[in-house]
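Per-entry structural report
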Amino acid sequence: MAAAIDLGIIGAGPAGLSAALTAAELGLEVHLFDDGPSPGGRIFKALEAAPADRRWYPGDDHARGADLLNRFRASDVRYHPETTVWSVSRERELGLAAGGRAWLLPARAVILAGGAMERPWPFPGWTLPGVMTAGAAQVLLKTDGMVADGPALFAGAGPLLYLIAAQYLAAGATIAALLDLAPAGNARAALGRLPGALRAPHYLRQGLALRRRLRRAGVPLIRRVTDLEARGGGQVETVSYRAAGRRTEVAARHLFVHMGLLPNSNLAASLDLPHDWDQGRLCWRPRLDGWGASELPWLAIAGDGYDIAGAVAAERRGELAGLWAAEGLGRIDVAERDRRAAPIHRRLNRELAVRPFLDRLFRPPLEDLAKLDDAITVCRCEMVSAGDLRGALALGCGEVNQLKALTRAGMGRCQGRQCAGTVAQLIAAETGRPVADVGGYRMRGPIKPIPLASLAALETGDD
Amino acid sequence: MTSGTYDAIVVGGGLHGCSVALHLAQRGLSVLVVEKDTVGRHASGVNAGGVRRLGRDPAEIPLSQAAMEMWWRIGDWLGDDCGFQVSGQLKVAETAGELAELEARARQVADLGYDHEELVGPDELFRLAPALARHCTGGLVSRRDGFADPFRTTRAFMRRAREAGAEFLEGTAVTAIERRGGAWTVRAGEYRLSAANLINCAGGWGAGLAAWLDEAVPAETAAPMLMVTAPLPPFVEPVIGAQGRALSFKQTGAGTVVIGGGYRARALPEENRTELDFRELKLSARTVAELFPIMRQADIVRCWAGLEAITPDGIPVIGPSAREDGLIHLFGFCGHGFQLGPITGRIVADLLTSGQTDLPIAPFAVDRFAG
């Protein structure tokens, strides 16, 4: 085995950067690994290289991001861009790949800061070219300033939907309409949580400002939309939906869908860490303590991988995880850790105050996934339809991994990231069990594909 | 408390347990399979699916031949083709020395009276597997061997067994076993069960169960690893092994390539888990890169391992207990039990119904390691 580094952090978004800065300031040797070519994660993607006209996108808080990135660049953190972490083992070894090489690197402590992924959402026509997630559209916008040719339609449920639409608008694109798929009862149900949310009024103000901005630009905001469908031959031609009791079909060549975020949990799952179903957020969450520490004493999770709570909360969670690592590796004592953590906890709690309200307001109609037509593809990697899955269920296989073995759903390149949630809903509906009892795919490394040639030349550090 | 009385209780719902259940039920015996997880959850559901006679221990050849006859009509028998394909199995030599070893092996098998293993030179080798690296010197082929889908096969046996009247109790571990008055009493969860016969099909936990019944077998639990690539255009039909290295290599109908060979993960049977060992998978990847240059472009998308039992002599335990009446052991298949699945159930059914079987099982005796 090679000599162990102090702390390996995976993911260079707000959580990973903050964790790295905190731990490095306290004297740890910190290595930060990230798939992307530049630091910042999704929210501050390509921010350093962005031309001036892309620096005023609403909602991104460019100044905060620039400050974070400047401090990072000035720090001692060893940064490894375009480096894939394809495994973390219980022996505390990271499996890394970059530039055609693969190697194992032991670490004394590890922080996972892999962020979030958009909730996959199958509906009729979702695999047609022209349909993509709003997050993917945002990446194109932030990295290359690219917007769709011709009017685009935004559809979904979640605060990010409005934000990305507003950014799109700011970039000069035309938006045909924004279809809000949040179910009718959400607003009323969320009302009771408004007082708590008022502790973080800036989020509410920002949300209202985004809506105002879209309305002023003449974007129709259509609420309580159901039965979304993309239609067309080789490309989206029209989008059909139901609202206010009638079906409407509009011409559109681009449909950007966003149904909220899920913790990106494949690495945590591959370590067999326990996860719990969060009925408020309708997702699985790793079981962690207040520092983000897991049942493995050397592993913590920070940011949206801990809990979907936005970029500011992710920075705070990163700082807490950095303090956890510094204390765990003996750089500070418990009293010092707690002293430094107290103000961070206060700021974090203020950020978290708005989440119950937002979670309820934008709760997606998850039960719709169980009603998908048989013909609709659920697993895009292996082209497995809802009907294929129901057929396997009818054979008496009522467990996620059994359906995987029988139908190949979840066996493809994405390791089931895209279909796990839908498969669980289908099983829950067909077997009458709560989705919390259905569970998820057994995850194993490599959690991202690795070239066989790299594995054959794996540098183990043993010689 | 729920109770039930059966002719036989099978502990372990893997392929062998399901095969036993099917054969017993088809002969009119009442049988219950008790499975602590779900049927096909461990090695039976996640093995490489090799349906291979090629290269077997001489003691296994008669059983393997009899099983092969059943594989060739598996669809008619089970009502599900189990994804079985007659692709051939090919063991490759890379040096003149290895080819000489294969030649000796071919002679040994022929002397035993079998003709399924056939020595081939380079011309036929590269005709059978054009993508093989050119340094290969020849091979041994069993043309009518193949592979199947392991999970689907195990479930097909289970389904057919159920149709024939067998019962399955999943998600329920056996917590107590007693022999009293010529019958077995088995506690499993809230169930209190009894049976004249107990069949140990507990796979990776089989030696533990045997030890529990005072019949220790020096088997260890191991977890052979497999890895699979993203789909590639079709480039190889037979399943490939190698004389000088640990390898099992096949391209499936989906285009993916499944790579194994016995490199082991850390086995944690008490926790029902395995942990992959990438140092070992490196050796597996290196073998493949050297034997199939086309594979250097491939991406590995998943790896996994299944828990199973390995005996010191590399062949399973099949047959009656040496200590107790009404107890039969069927475990320790050492990473190559899948092909034998159809026949092991028949052997147990023979033993239970007539006290004997026409297949030579003496080499698999449970007490062969004693003394």
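Residues numbered from 1 in each chain as written. Chains lettered and ligands numbered in written order. Predicted model: local features only at pLDDT ≥ 70, side-chain atom pairs only at ≥ 80, totals over all residues. Heavy atoms only, no water.

1. Observations regarding the overall build of chain B
To be explicit about the condition: Runs of H or I in DSSP of at least four residues are treated as helices and runs of E of at least two as strands, each being numbered from the N terminus. When we talk radius of gyration, it's over C-alpha atoms, and the globule rule is simply 2.2 Å times the number of residues to the 0.38. For each residue, the accessible area found with a 1.4 Å probe, counting protein chains only, is set against the maximum for its type, and the residue is called buried under 20%, exposed over 50%, and partly exposed in between. What makes two residues a contact is simply this: any of their non-hydrogen atoms within 4.5 Å. To be clear on the numbers: accessible area is Shrake-Rupley with a 1.4 Å probe, and residue cover counts the displayed protein chains and nothing else.
Secondary structure assignment for chain B yields 10 helices and 21 strands. Its C-alpha atoms give chain B a radius of gyration of 21 Å, near enough to 21 Å, the size a compact globule of 371 residues would have. Dimensions along the principal axes, computed over C-alpha positions, put chain B at roughly 65 × 45 × 45 Å. Burial status across chain B gives 60% buried among its 371 residues. For chain B, restricting intrachain contacts to residue pairs at least 6 apart in sequence, the fraction spanning at least 24 positions comes to 72%. With the model as given, the accessible surface of chain B reaches about 13,600 Å², and the carbon-plus-sulfur share is 48%.

2. Quick look at a nonpolar patch on the surface
All names here are of chain A. Rules: Within the patch definition used here, like charges are joined within 9 Å and nonpolar side chains (Val, Leu, Ile, Met, Phe, Trp, Tyr) within 5 Å, considering only residues with over 30% relative accessible area and no salt bridge. Whenever a carboxyl oxygen of Asp or Glu lies within 4 Å of a side-chain nitrogen of Lys or Arg, that contact is scored as a salt bridge.
A cluster of nonpolar side chains, M132, L140 and M146, forms an exposed patch at the surface whose accessible area comes to about 220 Å². Tracing the chain through its elements places L140 in helix α3 (residues 134–144). Note on L140: relative accessible area 30%, which makes it partly exposed.

3. Section: the interface of chain A and chain B
Definition in use: Definition of a polar contact: a pair of N or O atoms within 3.5 Å, with one able to donate and the other able to accept a hydrogen when the atoms are protein atoms, and with sequence-neighbouring residues admitted only if both atoms are side-chain atoms. In this description, strands pair whenever DSSP reports at least two bridges between them.
On the chain B side, the residues contacting the 35 residues of chain A number 35 residues. If you look at where chain A meets chain B, you find 5 salt bridges. Run the count over chain A and chain B and you get 14 residue pairs in polar contact (both at pLDDT 80 or more). Relative to strand β18 (residues 299–305) of chain B, strand β22 (residues 450–451) of chain A runs antiparallel, the two being bridged by 2 bridges. For A:I450, the partnering residue across the bridge sits in β18(B) and is B:I300.

4. Re the sheet that holds strand β10 (residues 175–180) of chain A
All names here are of chain A. Taking strand neighbours across the sheet as the criterion, the 5 strands line up as β8-β15-β9-β10-β11 in an open arrangement whose pairing is parallel. For this open sheet the edge positions go to β8 (131–133) and β11 (221–222), each flanked by a neighbour on one side alone. The pairing of strand β9 (residues 152–156) with strand β15 (residues 254–258) spans 5 bridges and is classified as parallel. In the strand pairing of β15, F154 is matched with F256.

5. Looking at the pattern of salt bridges
Side chains that differ in charge, positive against negative, can pair when their charged atoms come close. Taken as a whole and judged by the stated rule, the model has 58 salt bridges over all chains. One salt bridge in this structure joins A:D307 and A:R285, with 3.9 Å as the shortest N-O distance. With A:D307 in the loop between β19 (299–301) and α9 (310–328) and A:R285 in strand β18 (residues 283–286), this pair connects stretches of sequence that are 22 residues apart. Ionic pairing is found between A:R413 and B:D299, a salt bridge with its closest N-O pair at 2.7 Å. Within this pair, whereas A:R413 is found in the loop between α13 (400–407) and α14 (420–431), its partner B:D299 is found in strand β18, the two belonging to separate chains. Taking the relative accessible area as the measure of exposure, A:R413 reaches 39% and is therefore partly exposed. One network of salt bridges, in which partners are shared, links A:E91, A:D272, A:R444, B:R266, B:E271, B:R273 and B:E275.

6. Some details on the sheet that holds strand β12 (residues 226–231) of chain A
Residues and elements named next belong to chain A. Put simply, the test is: Each axis is a line fitted through C-alpha atoms, taken for helices only over the stretch in contact, and angles between the N-to-C directions span 0 to 180 degrees.
A sheet is described by the order of its strands in space; here 3 strands give the open sequence β12-β13-β14, paired in antiparallel fashion. Each edge of the open sheet carries a strand with a single partner, namely β12 and β14 (246–251). On average, adjacent strands in this sheet sit at an angle of 15° to one another, irrespective of strand direction. Judged from the 6 bridges that link them, strand β13 (residues 238–243) and β14 form a sheet pairing that is antiparallel.

7. A closer look at helix α12 (residues 386–394) of chain A
Residues and elements named next belong to chain A. Rules: It is the directions from the helix axis to the C-beta atoms whose arc is reported.
Listed in full, the buried residues belonging to α12 are A386, L389, R390, A392 and L393. Along the long axis of α12, the arc covered by the buried residues comes to 160°, so they all point the same way. Structurally, α12 contributes buried residues whose contacts are with β20 (377–379), β21 (384–385), α13 and α14. Just downstream of α12 lies G396, where phi reads positive at about 95°.

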